[in-house]
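Spelled out from the first residue to the last, the chains are:
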Amino acid sequence: MMIKPDAVENGHIGNILEKVTTAGFKIKALKMTQLTQRDAELFYAVHKERPFFGELVAFMTRGPILAAYLEKENAVSDFRTLIGATNPAEAAEGTLRKLYATSMGENALHGSDSDENAAIEAAFHFAERECF
Ligand code: ATP
Ligand code: MG
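## With respect to the site of ligand 1
Right, so step 1: Near ligand 1, the surroundings consist of 13 residues, among which Lys4, Tyr44, Thr86, Asn107 and His110 are the closest.
Right, so step 2: Residue Arg80 places a side-chain N or O atom 2.9 Å away from an oxygen atom belonging to ligand 1.
Right, so step 3: Interatomic distance of 3.4 Å between a backbone N/O atom of Met104 and an oxygen atom of ligand 1.
Right, so step 4: If ligand 1 stood free it would expose 580 Å²; the protein chains cover 81% of that surface.
Right, so step 5: Residue composition of the shell around ligand 1, by class: four nonpolar, six polar and three charged.

Written as structure tokens, this is what we have:
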């Protein structure tokens, strides 16, 4: 998962990590960093033909993010339930995007969408010796 630049700017790192760990996710790795243009283009390559791609890359690179590698039974699906819909206006009450996101573009968190992509994204952010 990533805490995106908007939520970092707005001071929500602590509250988000508290809710994530209370929901039963174990933190295997954690890092505050800033994505380069190339990093963001690679990370969101599946969206490169979409009209919002430029805006998405500009947003994701404008400030630091917090990357976390999480472990849990059914982690991918449970995490997406915890964060809520992509558009915070449609996110369920109590979800992290309902609480912390401001718009469809600036939606506070990223969650992997499959176990396969979670493994790819963990390797993107973390060296093996940074994972516990
Ligand atoms: P993420 O991959 O960041 O966890 P998601 O899986 O809920 O989000 P995706 O469809 O993968 O949603 O879109 C990736 C990101 O692109 C969204 O989180 C959002 O920041 C941005 N995005 C998606 N659709 C739009 C849109 N219509 N307008 C602006 N930004 C969008
Ligand atoms: Mg996605």
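## Here we look at the nonpolar core
In globular proteins that are soluble, nonpolar side chains generally tend to be buried together.
Right, so step 1: Counting residues in hydrophobic clusters, the biggest one holds 20 residues, and the most contacted among them are Met1, Ile3, Ile16, Val20, Phe79, Leu96 and Leu109.
Right, so step 2: Contributions of two or more residues to this core are made by helix H1 (5-9), helix H2 (13-22), strand S3 (65-71), helix H5 (75-83) and helix H6 (96-100).
Right, so step 3: Top contributing element to this core by residue count: H5, with four residues.
Right, so step 4: In this structure, Met2, Ala29, Ala40 and Tyr44 belong to the second largest nonpolar core, which totals 14 residues.

## Some words on unusual backbone geometry
Right, so step 1: Here the phi dihedral of Asn74 falls at roughly 50 degrees; this positive angle occurs in a residue that is not glycine.
Right, so step 2: Within the fold, Asn74 resides in the loop between S3 and H5.
Right, so step 3: Notably, Ala108 is not glycine yet its phi reads approximately 70 degrees, a positive angle.
Right, so step 4: Looking at where Ala108 falls in the secondary structure, it is placed in the loop between H6 and strand S4 (109-110).

## Here's the deal with the pairing of S3
Right, so step 1: Counting buried positions over the seven residues of S3 gives five, a clear majority of the element.
Right, so step 2: As paired strands, strand S1 (residues 2-3) and S3 are joined by two bridges and run antiparallel to one another. Across the sheet, Met2 pairs through a bridge with Ala67, a residue of S3.
Right, so step 3: As paired elements, strand S2 (residues 26-33) and S3 share seven bridges and run antiparallel to each other. Residue Met32 lies in a different strand from S3, and its bridge partner there is Leu66.

## Overview of the environment of His47
Right, so step 1: Mapped onto the fold, His47 is located in the loop between helix H3 (37-43) and helix H4 (53-61).
Right, so step 2: For His47, a relative accessible area of 23% translates into the label partly exposed.
Right, so step 3: Sequence separation of His47 and Glu130 is 83 residues, and the distance between their C-alpha atoms is 29 Å.
Right, so step 4: Excluding anything up to four places from it in sequence, His47 contacts Phe52, Phe53 and Leu56.

## Side note on helix H7 (residues 115-125)
Given 3.6 residues per helical turn, the α-helix brings residues three or four places apart onto the same face.
Right, so step 1: Those residues of H7 not exposed but buried are Glu121, Ala122 and His125. The buried residues of H7 occupy an angular sector of 105 degrees when the element is viewed end-on, so they sit on one face. Within H7, the exposed residues directed more than 90 degrees away from the buried face are Glu116 and Ala123.
Right, so step 2: Those residues of H7 that are buried lie in contact with S1, S2, H3, S3 and S4.

Rules behind the numbers
- Residues numbered from 1 in each chain as written.
- Chains lettered and ligands numbered in written order.
- Predicted model: local features only at pLDDT ≥ 70, side-chain atom pairs only at ≥ 80, totals over all residues.
- Heavy atoms only, no water.
- Near = heavy atom within 4 Å.
- Polar contact = N/O pair within 3.5 Å; in protein donor to acceptor, adjacent residues only side chain to side chain.
- Areas by Shrake-Rupley, 256 points an atom, 1.4 Å probe, with all protein chains shown as cover.
- Nonpolar A, V, L, I, M, F, W, Y, C, P; charged D, E, K, R; others polar.
- Core = buried A, V, L, I, M, F, W, Y, C linked by side-chain atoms within 4.5 Å.
- Buried < 20%, exposed > 50% of the residue type's maximum accessible area, 1.4 Å probe, protein only.
- Helix = DSSP H or I, 4+ residues; strand = E, 2+ residues; numbered from the N terminus.
- Pairing = 2+ DSSP bridges.
- Contact = heavy atoms within 4.5 Å.
- Arc of directions from axis to C-beta.

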